[in-house]
Amino acid sequence: MRAFLYIVVVALASDAVRCLYLPGAEFGGLRNSASSLSRFARVRRLPRPSHRVIDPNEDCFLVTSDEGELFFKSPSDEPTVCGIYMIAEPDKKIEVVFNYLDVPCDNGGLVAWIDGWELNGQVWPADSWDDDRLVESCDKRPNRKLVSRQNAALIQYRVPAQGKGFAVTIRHVRNARPCNVMLFGTEGVFTLRNHGETGNCTLITVSPSTVQVLDLNVGQTAKKGRLLELETGTIHHCTKRGLPDHVDIGGASGLDHTKMEVFDSLCGLDSNEARRASLIACEDTVARLVSSGKYHNSITLAFTPLSLDDIEHADLICGLNDL
Ligand SMILES: *[C@@H]1O[C@H](CO)[C@@H](O)[C@H](O)[C@H]1NC(C)=O
């Protein structure tokens with residue numbers, strides 16, 4: 001993996017975020033999670049108009065779920081690193097076209113397309129990362145369309161030359177087989193599927209959340225053979241029972257879900273919704289579907305933001321083991 005222009009959000013979003021990265025502040029779990037509820041509260045979201053100029057003072061750390069054209073013009077010769085964090089609906093991909101790019105390579109001028117997100121040195125989705133996910137440019141614009149493999153992508157830029165800049169058009173295009181999915185805003189229902197494939201598909205919400213299983217069919221519907229499907233109910237701790245197809249529910253301290261802490265691993269066939277939701281008090285909430293490739297697996301999950309009152313009853317608080 002090549003070098004990133006690491007964005008240290010701490011400096012940008014000050015106190016709300018700063019608490020998150022004080023490792024192990026005394027009984028920090030609770031406090032950290034509480035403050036992370038407001039993690040993105042101060043991030044400016046773009047309003048509707050689809051033709052916009054990035055305000056260098058307000059939008060250095062910009063999260064946008066909109067399509068349209070964005071312009072950036074550097075206000076100074078400072079080598080400030082900024083990012084445009086793009087997110088779309090779970091069944092969409094992000095498509096970016098650079099309409100123009102006038103960024104001199106001198107003094108480290110650089111514009112990078114990242115097929116995923118990077119935050120505080122962690123990338124998502126870390127488990128399917130490769131060099132193709134990064135396209136760096138200066139002087140010349142990438143002349144092909146850049147399309148992400150999932151519903152989130154990032155443009156990082158450093159333009160230490162006053163008056164220089166770039167323009168991009170962002171579009172959301174259909175993803176027929178979403179595997180890795182990010183939810184931003186945490187409210188919602190999503191079905192994670194393996195489409196009969198081998199490997200892991202992961203859903204991450206960038207905030208502490210409650211997770212309720214509405215429907216489960218994992219390790220049951222064989223791709224060949226079996227005619228009769230038995231409603232087994234929800235089976236817990238499937239990894240301990242050595243069942244290869246399962247769903248890990250838990251959380252992570254950062255975007256790297258491969259470092260997730262697992263609260264439970266589920267499998268079985270259950271069409272009834274779970275009696276209660278799991279309360280995950282972590283910076284990010286993660287559901288990971290692990291598939292052997294022998295079954296058609298799916299799980300439908302409902303997410304809601306974890307309220308402050310819920311935190312003391314949390315099923316999982318990330319980072320407690322590090323204290
Ligand atoms: C899938 O997740 C499991 C953890 O349950 C991990 O052991 C495995 O390495 C992951 N596979 C890939 C391809 O990342």
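None of the values given here were measured: they were computed from a predicted structure.

## Digging into the pairing of strand E4 (residues 81–87)
- Along E4, seven of the seven residues are buried, which leaves the element largely enclosed by surrounding structure.
- Burial along E4 is two-sided: Val81, Gly83, Tyr85 and Ile87 facing one way and Cys82, Ile84 and Met86 facing the other are all buried.
- One ladder, built from four bridges, connects strand E2 (residues 61–64) with E4; its direction is parallel. Pairing of Val63 across the sheet is with Tyr85, part of E4.
- Alignment of E4 against strand E11 (residues 152–158), held across seven bridges, turns out to be antiparallel.

## Focus: the sheet that holds E4
- Strand order across the open sheet formed by five strands is E2-E4-E11-E6-E9, with mixed pairing between neighbours. Here the strands that pair on one side only, and so sit at the sheet edges, are E2 and strand E9 (134–137). Here the average twist between neighbouring strands, direction ignored, is 15°.
- Across five bridges, the pairing between strand E6 (residues 110–114) and E11 is antiparallel. Looking at E11, one finds that Ile114 is bridged to Leu154.

## Side note on the state of the cysteines
- Following the criterion strictly, the structure yields five disulfides and no others.
- Between Cys179 and Cys201 runs a disulfide, and the two sulfur atoms are separated by 2.0 Å. Judged by the sign of its S-S torsion, about -105°, the cystine formed by Cys179 and Cys201 is left-handed. Residue Cys179 is found in the loop between strand E12 (165–174) and strand E13 (181–183), and its partner Cys201 is found in strand E15 (residues 199–205); the two are separated by 22 residues along the sequence.
- For Cys201, a relative accessible area of 6% translates into the label buried.

## Examining unusual backbone geometry
- Of the consecutive residues Trp124 and Pro125, the connecting peptide bond is found in the cis state with omega at -5°.
- Position of Pro125 among the secondary structure elements: in the loop between strand E8 (122–124) and E9.
- The residue Asn107 is not glycine, and still its phi comes out positive at about 60°.
- Assignment of secondary structure puts Asn107 in the loop between strand E5 (92–102) and E6.
- Taking the relative accessible area as the measure of exposure, Asn107 reaches 63% and is therefore exposed.

## Examining the pattern of salt bridges
- Within the structure shown, the criterion is met by nine salt bridges.
- Across the pair Asp115 and Arg149 runs a salt bridge whose closest N-O atoms are separated by 3.1 Å. Note that Asp115 is positioned in the loop between E6 and strand E7 (117–119) and Arg149 in the loop between strand E10 (146–147) and E11, a separation of 34 residues in sequence.
- For Asp115, a relative accessible area of 4% translates into the label buried.
- Given the relative accessible area of 38%, Arg149 is considered partly exposed.
- A salt bridge links Arg276 to Asp315; the shortest N-O distance between them is 3.4 Å. Within this pair, whereas Arg276 is found in the loop between strand E19 (261–270) and strand E20 (278–281), its partner Asp315 is found in the loop between strand E22 (295–305) and strand E23 (316–317), the two being separated by 39 residues in sequence.
- One continuous salt-bridge network, built from bridges that share partners, spans Asp115, Asp130, Arg133 and Arg149.

## Quick word on the site of the ligand
- Residues in close proximity to the ligand include Asp127, Asn200, His246, Asp248, Arg288 and Val290, which together make up its full environment.
- Asn200 places a side-chain nitrogen or oxygen 2.4 Å from an oxygen atom of the ligand.
- Contact with the protein chains removes 43% of the 360 Å² of surface that the ligand exposes when unbound.
- Of all the secondary-structure elements, those providing two or more residues to the shell around the ligand are strand E18 (246–252) and strand E21 (284–291).
- Here the residues of the shell around the ligand sort into one nonpolar, two polar and three charged.

## Digging into the nonpolar core
- Ranked by size, the top nonpolar core spans 25 residues in total, and within it Ile84, Met86, Val96, Phe98, Ile155, Tyr157 and Phe166 carry the most contacts.
- Secondary structure elements with two or more residues in this core: strand E3 (68–73), E4, E5, E6, E11 and E12.
- For this core, the element with the highest residue contribution is E5, accounting for four residues.
- Beyond its immediate chain neighbours, meaning those up to four positions away, Phe166 contacts Leu70, Phe71, Phe72, Ile84, Phe98, Tyr100, Leu101, Val111, Ile155 and Tyr157.

Calculation notes
Residues numbered from 1 in each chain as written. Predicted model: local features only at pLDDT ≥ 70, side-chain atom pairs only at ≥ 80, totals over all residues. Heavy atoms only, no water. Buried < 20%, exposed > 50% of the residue type's maximum accessible area, 1.4 Å probe, protein only. Helix = DSSP H or I, 4+ residues; strand = E, 2+ residues; numbered from the N terminus. Pairing = 2+ DSSP bridges. Axes fitted to C-alpha atoms, helices over the stretch in contact; angles between N-to-C directions. Disulfide = S-S within 2.5 Å. Salt bridge = Lys/Arg side-chain N within 4 Å of Asp/Glu carboxyl O. Near = heavy atom within 4 Å. Polar contact = N/O pair within 3.5 Å; in protein donor to acceptor, adjacent residues only side chain to side chain. Areas by Shrake-Rupley, 256 points an atom, 1.4 Å probe, with all protein chains shown as cover. Nonpolar A, V, L, I, M, F, W, Y, C, P; charged D, E, K, R; others polar. Core = buried A, V, L, I, M, F, W, Y, C linked by side-chain atoms within 4.5 Å. Contact = heavy atoms within 4.5 Å.

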